[in-house]
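Fold and contact review
Here's the letter readout for the chains.
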Amino acid sequence: MDPKYQRVELNDGHFMPVLGFGTYAPPEVMEKCKDAGLAKSIGVSNFNCRQLEMILNKPGLKYKPVCNQVECHPYLNQSKLLDFCKSKDIVLVAHSALGTQRHKLWVDPNSPVLLEDPVLCALAKKHKQTPALIALRYQLQRGVVVLAKSYNEQRIRENIQVFEFQLTSEDMKVLDGLNRNYRYVVMDFLMDHPDYPFSDEY
Ligand SMILES: NC(=O)c1ccc[n+]([C@@H]2O[C@H](COP(=O)([O-])OP(=O)(O)OC[C@H]3O[C@@H](n4cnc5c(N)ncnc54)[C@H](OP(=O)(O)O)[C@@H]3O)[C@@H](O)[C@H]2O)c1
């Protein structure tokens, strides 16, 4: 990142401005960025349904958010938020789709390890894939844009294989059954903030 201009250079040589508005910026601020050509689209992250509705119902709203990036994986499948987003034509983007990097600053070390889940492992065996690929494919097939972060070349190559196989509707139901509304990234130090998003059901 270029610290002076707050932008990153992409692989194709283009630059992308980096804009972050913290917990909550009024929609008109984001709209000004789009009008000025600084942003192609407006997206939000970690917004619950109520916060999305607050934006969508804002009088005079010019551009609605095109996506909402939230934690989403088989233990927290966000089905209600996903249905809501789909009904409003907002793309749900899944972060922590592999159960996070389990960084001790953010994640309870005693939390369950998603990729060791026996059901996920059994499906991986059935499809001759890895548990990570099953977790990623699950999201694709339910219309979620899924992020998979890896610093390892082999695993980056592995993860792109997500497009090479399909889960059956029965597999999808089994994966739905793993949901336990378990959130890895709780950000409990923000719980007192009036816009803390994770106290609502979804
Ligand atoms: N908006 C937000 O509030 C928010 C919060 C958290 C994260 N995010 C974003 O979401 C993205 C992903 O988050 P994340 O990195 O925490 O979680 P993640 O994608 O669920 O997990 C990444 C971890 O999975 C491992 N991994 C990747 N591919 C694998 C594979 N095929 N098999 C086994 N392990 C594999 C990685 O290890 P190796 O690197 O060793 O492969 C890494 O430890 C990041 O870009 C992050 O910035 C956003």
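To keep things clear, this report deals only with the structure shown in the data block. Numbering of residues starts from 1 in every chain and runs along the sequence as written. Reporting in this predicted model follows two pLDDT cut-offs: at least 70 for local features of residues, and 80 or more for side-chain atom pairs to be given and counted; totals over whole chains, interfaces and linings ignore these cut-offs and use all residues. Remark: hydrogens and water are excluded; side-chain values derive from all non-hydrogen atoms of the structure.

Let's talk about the site of the ligand
We call a residue near a molecule or strand as soon as one heavy atom of that residue lies within 4 Å of the molecule or strand. Surveying the vicinity of the ligand reveals 21 residues, the closest of which are Asn46, Leu98, Ser150, Tyr151 and Arg155. N or O atoms within 3.5 Å of each other form a polar contact, as long as, within protein, one can give a hydrogen and the other can take it, and as long as residues adjacent in sequence are counted only when both atoms are side-chain atoms. Between an oxygen atom of the ligand and a main-chain N or O atom of Tyr151, the distance comes to 2.7 Å. The fraction of the free accessible surface of the ligand (910 Å²) that becomes covered by protein chains is 73%. A run of H or I in DSSP becomes a helix once it reaches four residues, and a run of E becomes a strand once it reaches two; helices and strands are each numbered from the N terminus. At 3 residues, helix H6 (residues 153–159) tops the list of elements feeding residues into the shell around the ligand. To measure how exposed things are, a 1.4 Å probe is used in the Shrake-Rupley method; for residues, cover is taken only from the protein chains shown.

Some thoughts on the nonpolar core
Ranked by internal contacts, the top residues of the largest apolar core, which has 43 residues, are Leu52, Leu81, Leu92, Ile134, Leu167 and Leu175. When residues of this core are traced back to their parent elements, those giving at least two are helix H2 (49–56), helix H3 (79–87), strand E5 (91–95), helix H4 (118–127), helix H5 (131–141) and helix H7 (169–176). Here the element with the most residues in this core is H5; it accounts for 6 residues. Contacts: residue pairs with any heavy atoms within 4.5 Å of one another. Residues in contact with Leu52, not counting those within four places in the same chain, are Val44, Phe47, Asn68, Leu81, Phe84, Cys85 and Ile90. Nonpolar cores were defined as sets of buried Ala, Val, Leu, Ile, Met, Phe, Trp, Tyr and Cys residues, with membership established by side-chain atoms within 4.5 Å. Working definition: with a 1.4 Å probe on protein chains only, accessible area under 20% of the residue-type maximum means buried, over 50% means exposed, and in between means partly exposed.

Some thoughts on the sheet that holds E5
Two strands make a pair as long as DSSP finds a minimum of two bridges between them. In space, the 4 strands of this open sheet follow the order E3-E4-E5-E6, with parallel pairing throughout. Single-partner strands in this sheet number two, and they are strand E3 (43–45) and strand E6 (145–146). Inspection of the sheet shows strand E4 (residues 67–71) paired to E5 by 5 bridges, in the parallel sense. In the sheet register, Asn68 faces E5, and the bridge partner there is Leu92.

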